[in-house]
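If you want the building blocks of each chain, they are given just below.
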Amino acid sequence: MSAQPNRADLEALWLPFTANRQFKANPRLLAKAEGMHYWTHDGRKILDGVAGLWCVNAGHGRQEIVEAVSRQIATMEYAPPFQMGHPLAFELANRLVELTPGDLDHVFFTNSGSESVDTALKIAIAYQRLRGEGTRQRLIGREKGYHGVGFGGISVGGMVNNRKFFGSMLPGVDHLRHTLDLEHNAFTRGLPEWGAHLADDLERLVALHDASTIAAVIVEPVAGSAGVVLPPKGYLQKLRAICDKYGILLIFDEVITGFGRLGAPFGAQYFDVMPDIVTTAKGLTNGAIPMGAVFVRKHIYEAFMQGPENAIELFHGYTYSAHPVACAAALATQEIYRRDALLTRGAQLAKQWEDAVHSLRGLPNVIDIRNLGLVAGIELQSRTGAPGARAYDVFLKAYEKGILIRFTGDILALSPPLIIEPKQIDELVGTLAEVIRATA
Ligand SMILES: Cc1ncc(COP(=O)(O)O)c(C=O)c1O
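Calculation rules
Here, residues in each chain are numbered from 1, in the same order as that chain's written sequence. pLDDT decides what is reported in this predicted model: residues at 70 or higher carry local features, side-chain atom pairs at 80 or more are listed and counted, and totals for whole chains, interfaces and linings draw on all residues regardless. UniProt positions are given in the numbering used here, feature names are shortened, and annotations may be inferred rather than shown by experiment. Two strands make a pair as long as DSSP finds a minimum of two bridges between them. Helix and strand definitions here come from DSSP, where helices need a minimum of 4 consecutive H or I residues and strands a minimum of 2 consecutive E residues; each element is numbered from the N-terminal end. To obtain an axis, a line is fitted to C-alpha atoms, over the contacting stretch when the element is a helix, and the angle between two such axes runs from 0 to 180 degrees between their N-to-C directions. Contacts are defined on C-beta atoms placed from the backbone: any two residues whose C-beta positions lie within 7 Å are in contact. Segment limits for the domains were obtained from an automatic or database-derived domain assignment. Amino acids are sorted into nonpolar (Ala, Val, Leu, Ile, Met, Phe, Trp, Tyr, Cys and Pro), charged (Asp, Glu, Lys and Arg) and polar (every other residue, Gly among them). We call a residue near a molecule or strand when its C-beta atom, built from the backbone, sits within 6 Å of it. What a helix is expected to span follows from its residue count: subtract one and scale by 1.5 Å. To sort residues by burial, count the other C-beta atoms lying within 10 Å of each one's C-beta; a count of 20 or more means buried, 12 or fewer means exposed, and anything in between means partly exposed. C-beta atoms are built from the backbone. This arc corresponds to the set of directions leading from the helix axis out to the C-beta atoms.

As annotated in an unreviewed UniProt entry, the chain carries the name Beta-alanine--pyruvate transaminase and is attributed to Povalibacter uvarum. For the record of the chain, the UniProt heading Cofactor (unreviewed entry) holds the text "pyridoxal 5'-phosphate". On record in UniProt, under Sequence similarities (unreviewed entry), the comment for the chain is "Belongs to the class-III pyridoxal-phosphate-dependent aminotransferase family."

Right, dumping it as structure tokens:
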């Protein structure tokens, strides 16, 4: 494709989560990446404010990953994961369970966040059945939750456009109230003080459905895709306590919060709340090769390891589970995270990050700013009758000015690679301030 693509060259591709016709009229093509930057097809340098899509945590173009992937693809490009194994899969599993808290010490490999979520939901229901609680088939998600795009994920998810077009969801799913409340919490720095009681909504659902029908609750410790929705102080602890009280499994969807986003390896450690199952993807391989992982606590794994030794314990898996090239990418990524202490770097930058993003307060149309670790959400007042239009304008102008950000509805989201330097934080937020002013 030439440097300036013509419309016909763009036609065949159906882009995901994109306004296809609007995009094809004004395409934004990325051609190269290194460190904190992308370069566009026409050679402009773009500061990456979103780690690609919340995944390139170690920054772009990491040579160690390139080499590991090249080596592995030349040595053995594929190995079947059913009834067979290969050394890198075990090495990676051992390495990852060193990072997870407590006895989250078994891992099942997938290829994406959506697959991790479906895997976790299936394990939860099957686990309840194995422990003699087969009536527990109900799954509880949360409004504004995003758990990928499989039918399991959209069923427990709580974003209306991801659900309304697709007919019947999984039966027996219910949702907790979300925790976004601008009236009480606008412009809070870090975790909101108000709203721990929202976890009591689980008591309401238990009273409605009875605990004997509920297998698991799934939440993102920090909701990313819905526009950076933070848990109020004490909320997750309360949710854990209610789950314990009623024998309900707690699943943390850490596809975004996993691998250092909050300044700890996982959100579970950041919040000091122990989930039963954790879903991950994205930062696992630095986005270089698709891969996801589901971590389960020892008692869950052990519950499956009963019965005859020749019996398959879980009728679930993917052709590309523990794909050797993905394992190589993940191992190289984890080594970079360890060597450069990236999984805790966010904690050192968090205060500067917070100050920087809150400097946007007072700019035109900014009605809330939310931050934690190296994540921020900046909510803009929607234009009357045109939800999302204002944020789209900001996104576009920002791209023209050389920064890549995300938007969902009228909320801007920032989640830079964890290698970001202090002066790049200033550049990112400074440019965004200019753009918000210019589009007012
Ligand atoms: C919390 C969460 N779960 C699941 C997913 C889905 O991941 P994937 O797009 O890799 O299927 C995402 C993606 O953004 C996510 O943020």
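What follows continues from the structure just given.
Engineer: Can you explain the sheet that holds strand β12 (residues 375-380)? Please cite residues and give values.
Structural biologist: Pairing in this open sheet of 4 strands is antiparallel, and the strands run β11-β12-β15-β14 from one edge to the other. Pairing within the sheet leaves two strands with one partner each, and these edge strands are β11 (366-372) and β14 (406-408). Adjacent strand axes in the sheet meet at a mean angle of 20°, parallel and antiparallel pairs treated alike. With 6 bridges joining them, β11 and β12 adopt antiparallel strand pairing. In the strand pairing of β12, arginine 370 is matched with glycine 377. Across the sheet, helix α15 (residues 389-400) touches β12, β14 and β15 (411-414), and the angle it forms with β14 is around 175°.

Engineer: Give a description of the domain arrangement of the chain that names residues and reports values.
Structural biologist: Taken as a whole, the chain is organised into domain 1 (7-58 + 342-438) and domain 2 (66-339). One C-alpha centre belongs to domain 1, the other to domain 2; they are set 26 Å apart. Tallying the contact residues gives 34 residues for domain 1 and 28 residues for domain 2. At the level of secondary structure, the elements contributing two or more residues to the side of domain 1 that touches domain 2 comprise α3 (51-54), α14 (345-358), β11, β12 and β15. Looking at the side of domain 1 that touches domain 2 residue by residue, the class counts come to 17 nonpolar, 11 polar and 6 charged.

Engineer: Outline the site of the ligand, listing residues and values.
Structural biologist: The full set close to the ligand counts 14 residues, and Ser112, Gly113, Ser114, Gly148 and Val255 are the nearest of them. Class assignment for the residues of the shell around the ligand results in 5 nonpolar, 7 polar and 2 charged.

Engineer: Hey, could you go over helix α16 (residues 422-438) for me, with residue numbers and the actual values?
Structural biologist: Spanning 17 residues, α16 covers 24 Å between terminal C-alpha atoms, matching the ideal 24 Å at 1.5 Å per step. Residues of α16 that are buried: Ile425, Leu428, Val429, Leu432, Val435 and Ile436. Looking down the long axis of α16, one finds its buried residues gathered within 120° of arc, a one-sided arrangement. Turned more than 90 degrees from where α16 packs its buried face, Lys423 and Arg437 sit exposed. Looking at the buried side of α16, the elements it contacts are β3 (45-48), α14, β11, α15, β13 (403-404) and β15.

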